[in-house]
Amino acid sequence: MNTKIIKSKPLIKQPKINVITLGCSKNIYDSEVLMGQLRGNNLNVVHESDKMGKDDIVVINTCGFIDNAKQESIDTILQFSDLKAAGKIGKVVVTGCLSERYKPELESEITNVDAFFGTNDLQNILHELGANYKHELIGERLLTTPSHFAYFKIAEGCNRPCSFCAIPLMRGKHLSKPMEELINEAKILAKNGTKELILIAQDLTYYGLDLYGVRKLDELMRRLSDVPGIEWIRLQYAYPSGFPMEILDAMNERDNICKYLDMPLQHITDNMLKSMRRGTTKQKTIDLVNQIRDKVPNIAMRTTLICGYPGETEYDFQEMKDWVAETKFDRLGCFTYSHEEKTHAHTLIDDIPDEVKQQRVDDIMEIQQGISFDINQEKVGKTFKVLVDKKEGEFFIGRTEFDSPEVDNEVLINAYTGYAANGSFVNVKIDRAEDFDLYGQIV
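The numbering scheme is per chain: residues are counted from 1 as the chain's sequence reads. With the structure being a predicted model, the display of local features is reserved for residues of pLDDT at least 70 and the display and counting of side-chain atom pairs for 80 or more, all residues being used for whole-chain, interface and lining totals. Excluding hydrogens and water, the side-chain values take into account all heavy atoms of the structure.

*Asks:* Please explain helix 2 (residues 67-85) as it appears in this structure.
*Replies:* Helical geometry note: an α-helix holds 3.6 residues per turn, so side chains three or four residues apart project in the same direction. Numbering of helices and strands runs from the N terminus, with a helix taken as a DSSP run of H or I at least four residues long and a strand as a DSSP run of E at least two residues long. Here the expected span of a helix is defined as 1.5 Å times the quantity of residues minus one. Here helix 2 contains 19 residues, and its C-alpha end-to-end distance of 27 Å stays within 8% of the 27 Å for a straight helix at 1.5 Å per residue. Of the residues making up helix 2, those classed as buried are Ala69, Lys70, Ser73, Thr76, Ile77, Phe80, Ser81 and Lys84. Projected down its long axis, helix 2 carries its buried residues within an arc of 135°, all on one side. Counted as exposed and oriented over 90 degrees from the buried face of helix 2: Asn68, Asp82 and Ala85. In what follows, residue pairs with any heavy atoms lying within 4.5 Å of each other are defined as contacts. Residues of helix 2 that are buried make contact with strand 1 (17-21), strand 3 (57-62), strand 4 (91-96) and helix 3 (97-109). Following helix 2 by one or two positions, Gly87 adopts a phi angle in the positive range, close to 80°. Here the term buried applies to any residue with accessible area under 20% of the maximum for its type, exposed to any over 50%, and partly exposed to those in between, with areas from a 1.4 Å probe on protein chains only. This arc describes the spread of directions from the helix axis toward the C-beta atoms.

Encoded structure:
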């Protein structure tokens, strides 16, 4: 009797879709939404994997904000374009701010990329990758951060006229997300173990004005604080002009709203603020900072500043240095001015040499280093609630409510004297402090 051997067909390995994220937390959010949709279409999606096969697809979510970010995005596109040319990956797709802003130029210069998409092309990207947009997946994301915290984008775009900023060119006008959609998203995140929501938008304080006719950030904060499982809510990117003071009432009322505010002020002299089209003055800025601190006495305020804006004199810079030294922000970042095409400031002469811009940044950060050291010394001997983010070497590393991930201070807990699981809250007594780090023991 002849036995017929039936050969099984070899399994076709599904290509991986490797998403690379460059730029800010808003891009991280967008990548997570894209990845959630891809996973919902049963596709094999990974984030920034260094293991790739010849049929795999790379999606690069680019940043186009300032020169350094643009260069990093271009270098990354070229890197993967070369891998495709060498037959090491199958396809390269580019999305995000850089391709929103420079799509025609990129298409003509980098011809080995399969497709370029802008910032609002989610459905088209999915189609390119063989997936369909699933409406039922709204609020579902594939987190790239540790699961216990998530960036939480409440609006897209910006209506502010700041002279130096290209965001409206890349992200469009301000568009608030409906509140019910956001509450649903927060519930999904909390159910999956997220404890901290970091509210992001180009301008949080504008939230609701376009949808409801009034600012509703305070209402959103209260409703998010009611979501079971959410233990910290943090505000990033609040705009000073027209600042809604009622959000501070919400901060005082709710224990799970962090006493933390990130408000980029950019400069302090009247002539710089006017040229930057910030809609405020030095005195109004000083008054606002004082009012915020009066209303929430233990608030940690973070700001960012620009050095080397066109026409910034030594007098302007000295005035900013004096103000930084006097105001003593808890957290501060500083950047050199970047001359961006099609912005209002691009009509001005970029007249400050790069080395002067950088020196001014260094001078400001040196002042801030001393301020941060002094503030941290005051914390020695005190106990803080700390959210543990990770373990590195002999330390568990976490943050207090006064610190955002990546940009602010960290608390280092000796792993030999106590145990703390990632994503857990522990009480830590601070026994030593440096410029930007606190050291302590679990109590």
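*Asks:* Explanation requested: the nonpolar core in the structure shown.
*Replies:* Within soluble globular proteins, side chains that are nonpolar generally end up buried alongside one another. Ile154 and Leu199 are the most contacted members of the largest nonpolar core, which totals 53 residues. By residue number, the principal contributor to this core is helix 6 (residues 179-191), which donates six residues. Sequence-distant contacts of Ile154, defined by excluding residues within four places in its chain, comprise Ser176, Lys177, Leu182, Leu199, Ile200, Ala201, Leu204, Tyr207, Leu217 and Leu220. In this structure, Tyr260, Phe396, Val426 and Ile430 belong to the second largest nonpolar core, which totals 20 residues. Nonpolar cores are built from buried Ala, Val, Leu, Ile, Met, Phe, Trp, Tyr and Cys residues. Side-chain atoms within 4.5 Å join them into one set.

*Asks:* Help me understand the UniProt feature "domain: Radical SAM core" (unreviewed entry) in the chain in this model?
*Replies:* UniProt positions are given in the numbering used here, feature names are shortened, and annotations may be inferred rather than shown by experiment. UniProt tags residues 144-374 as "domain: Radical SAM core" (unreviewed entry). Counting secondary structure, residues 144-374 comes out at 41% helix and 16% strand; the distance between its end C-alpha atoms is 34 Å.

*Asks:* So what exactly am I meant to see when it comes to helix 8 (residues 217-225) here?
*Replies:* Of all the residues in helix 8, the buried ones are Leu217, Asp218, Leu220, Met221, Leu224 and Ser225. Seen along its axis, helix 8 keeps its buried residues to an arc of 160°; they face one direction. Contacts from the buried residues of helix 8 go to strand 6 (149-153), helix 6, strand 9 (196-200), strand 10 (232-235), helix 9 (246-253) and strand 11 (257-262).

*Asks:* Before we go on, may I ask you to explain the pairing of strand 18 (residues 437-442) in this structure?
*Replies:* Each regular strand carries side chains that alternate between the two faces of the sheet. Should DSSP find at least two bridges between two strands, the strands are regarded as paired. Alignment of strand 16 (residues 410-414) against strand 18, held across four bridges, turns out to be parallel. Looking at strand 18, one finds that Val411 is bridged to Leu438. With five bridges connecting them, strand 17 (residues 425-433) and strand 18 associate as antiparallel partners. By the bridge assignment, Val428 is partnered in strand 18 with Ile442. Turn length for the strand 17-strand 18 hairpin, with the two strands adjacent in sequence and antiparallel, is three residues.

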